[in-house]
Amino acid sequence: MEGYAAPLRHLITNFPPTGDHHRSFPQYRYHNKPMKVAMHHNHQSYWASISSDIEAHLKQTVQIRPPLSVYEPMHYLVFSAPRTMAPPLSIAACELVGGQPEEAIPAASVLHLMYAASMVHQRLLHSGRVVGPTTKSADHTAGVELLTGDGIFSFGYELLARPSVHQLPDHKPERILRVIMEITRAMGAQGMVEGLCLQLRYRGSVSDGGDTASDDGFMMGKVGKVGRAVEKMEGGLYACGAACGAILGGATKEETEKLRSFGRYAGIIHGMLTSMASDEQEEEEKEGLSEMVEKLRSLALKELECFDHQPMVEIISSILHLDSLIQFNH
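This section reports on the structure supplied with the text. This one's a predicted model, so the numbers in the text were calculated from it and none came from an experiment.

**A short note on the overall build of the chain**
Here comes step 1: A count of helices and strands for the chain gives 14 helices and zero strands.
Here comes step 2: Expressed as a percentage of the 330 residues in the chain, the buried residues total 52%.

**Points about unusual backbone geometry**
Here comes step 1: Of note, the amide linkage connecting Pro66 to Pro67 takes the cis form, showing an omega dihedral of -5°.
Here comes step 2: Here Pro67 lies in the loop between helix 3 (41–61) and helix 4 (68–80).

**Some remarks on the packing of aromatic side chains**
Two descriptors summarise a pair of aromatic rings, namely the distance from one centre to the other and the angle between the planes of the rings.
Here comes step 1: Counted according to the given criterion, the structure contains one aromatic pair.
Here comes step 2: An angle of 80° between the planes, with centres 5.4 Å apart, marks the rings of Tyr46 and Trp47 as edge-to-face.
Here comes step 3: Tyr46 gets classed as buried once you look at its relative accessible area, which sits at 7%.
Here comes step 4: In this structure Trp47 comes out as buried when scored by relative accessible area, which is 1%.
Here comes step 5: Over the ring of Tyr71 we find Arg65; its NZ or CZ atom is 4.1 Å from the centre of that ring.

**Concerning the side chain of Arg260**
Here comes step 1: Mapped onto the elements, Arg260 comes out in helix 11 (residues 253–277).
Here comes step 2: Judged by its relative accessible area of 16%, Arg260 falls in the buried class.
Here comes step 3: In contact with Arg260, not counting residues within four places along its chain, are Glu182, Ala239, Ala242 and Ala243.

**With respect to the packing of helix 6 (residues 101–127) against helix 7 (residues 142–161)**
Here comes step 1: In contact at an axis separation of 9 Å, helix 6 and helix 7 are set at 160° when each is read in the N-to-C sense. If you check the angle between helix 6 and helix 7, you find them roughly antiparallel. For the element pair helix 6 and helix 7, the recorded crossing hand is left-handed. Here Ala107, Val110, Leu113, Met114, Ala117, Ser118, Val120, His121, Arg123 and Leu124 of helix 6 lie close against helix 7, whose contacting residues are Ala142, Glu145, Leu146, Gly149, Asp150, Ile152, Phe153, Phe155, Gly156, Tyr157, Leu159 and Leu160.
Here comes step 2: Per-class residue counts for the contact of helix 6 with helix 7 are 15 nonpolar, four polar and three charged.

**Some remarks on the nonpolar core**
Here comes step 1: By size, the foremost hydrophobic cluster in this structure holds 79 residues, and its most contacted members are Ile183, Leu259 and Phe262.
Here comes step 2: For this core, the element with the most residues is helix 6, which contributes 13 residues.
Here comes step 3: Residue contacts for Leu259: discarding those within four places in its chain leaves Ala93, Leu96, Val97, Ala242, Ala246, Leu304 and Phe307.

**Brief notes about helix 4**
Note: α-helices contain 3.6 residues per turn, so residues at a spacing of three or four share the same orientation.
Here comes step 1: When the terminal C-alpha atoms of helix 4 are compared, their 17 Å separation across 13 residues agrees well with the 18 Å that a helix rising 1.5 Å per residue should span.
Here comes step 2: Considered for burial, the residues of helix 4 that qualify are Tyr71, Pro73, Met74, Leu77 and Val78.
Here comes step 3: Among the structural elements, helix 6 and helix 7 are those in contact with the buried residues of helix 4.

**Some remarks on the packing of helix 6 against helix 8 (residues 173–187)**
Angle between the axes and distance between the axes: these two values describe a pair of packed helices.
Here comes step 1: Packing of helix 6 against helix 8 leaves a shortest axis separation of 11 Å and a crossing angle of 20°. Regarding the angle of helix 6 to helix 8, the classification is roughly parallel. When the axes of helix 6 and helix 8 are compared, the crossing they make is right-handed. Every residue of helix 8 that contacts helix 6 at Glu103, Ala107, Val110, Leu111, Met114, Tyr115 and Ser118 is listed here: Arg175, Val179, Ile183 and Met187.
Here comes step 2: Partitioning the contact of helix 6 with helix 8 into residue classes produces eight nonpolar, one polar and two charged.

Here is what the cut-offs are and how they apply
- Residues numbered from 1 in each chain as written.
- Predicted model: local features only at pLDDT ≥ 70, side-chain atom pairs only at ≥ 80, totals over all residues.
- Heavy atoms only, no water.
- Helix = DSSP H or I, 4+ residues; strand = E, 2+ residues; numbered from the N terminus.
- Buried < 20%, exposed > 50% of the residue type's maximum accessible area, 1.4 Å probe, protein only.
- Phe/Tyr/Trp six-rings, centres within 6.5 Å; stacked < 30°, edge-to-face > 60°.
- Lys NZ or Arg CZ within 6 Å of the ring centre and 35° of its normal.
- Contact = heavy atoms within 4.5 Å.
- Axes fitted to C-alpha atoms, helices over the stretch in contact; angles between N-to-C directions.
- Parallel < 35°, antiparallel > 145°, perpendicular 65-115°, else oblique.
- Left-handed = near helix turned anticlockwise from the far one by under 90°.
- Nonpolar A, V, L, I, M, F, W, Y, C, P; charged D, E, K, R; others polar.
- Core = buried A, V, L, I, M, F, W, Y, C linked by side-chain atoms within 4.5 Å.
- Expected span 1.5 Å × (residues − 1).

All quantities given are derived from atomic positions and should not be read as evidence of function.
Below is the structure:
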């Protein structure tokens, strides 16, 4: 499993049906206390509640309207996209540092839009087609999907910039600007775009040029490419979600960085499990993967030890448990 471990070694060695809009939690203070990771029913209810809040906001903003040639495929691609826990994590992070969930709902919704657009590009890149239907809807050719995916990116930034019904009286525009910058980085050339390029190399669609290592010295073997891509894609997306929530909740720089690190570890864990699930693995590789996940989980939990509001900490840490990934995706 060395090939998979190499791209991530620097991370380990160096460092309900409707939403409840009245959840609030006090600002934390530092302390150290060991935590247990578990996916209890109340945790599941919390994630289901805020996921419902996000979906409701998306349904209000991404509606089918003229021109139908643009908004009908946009609506379809947004709501047919696979789900990720990065958007709900942004709301949970906001609440953890003392913010109100309403402050983070627009940004969480935009994170889903960005992820949906990236999944459109990913599917088109992997299919190698730019004409003909690529989804269950025969009306949406690959060309339409490509253009619509680009449109979703622009629409997402518009949603962040314009006034929201969730905007609170003490709204701080500078926080929105910081969030826009965070999302831009996560989706850009050193984030999701790089991850997609690495996926293409892994699948053999792009030549490695004979190189066996990336610019920063990471291994680029068959499994190593997957690990690096996961770090850039899921790791970057979850890190962005957690950081955006912290920023919107009024966190300090230190608090934001701790939640960013937690999000990165959580995203890599989820990405590792999902990306490798379809690959045939030797028993030794499976054991190595399991060991790697446990190391990342331990590092993620350390990032939360300083937060004082234990109920919220336990809820957030529950996404590190495999049950959370299975429950969220079904």
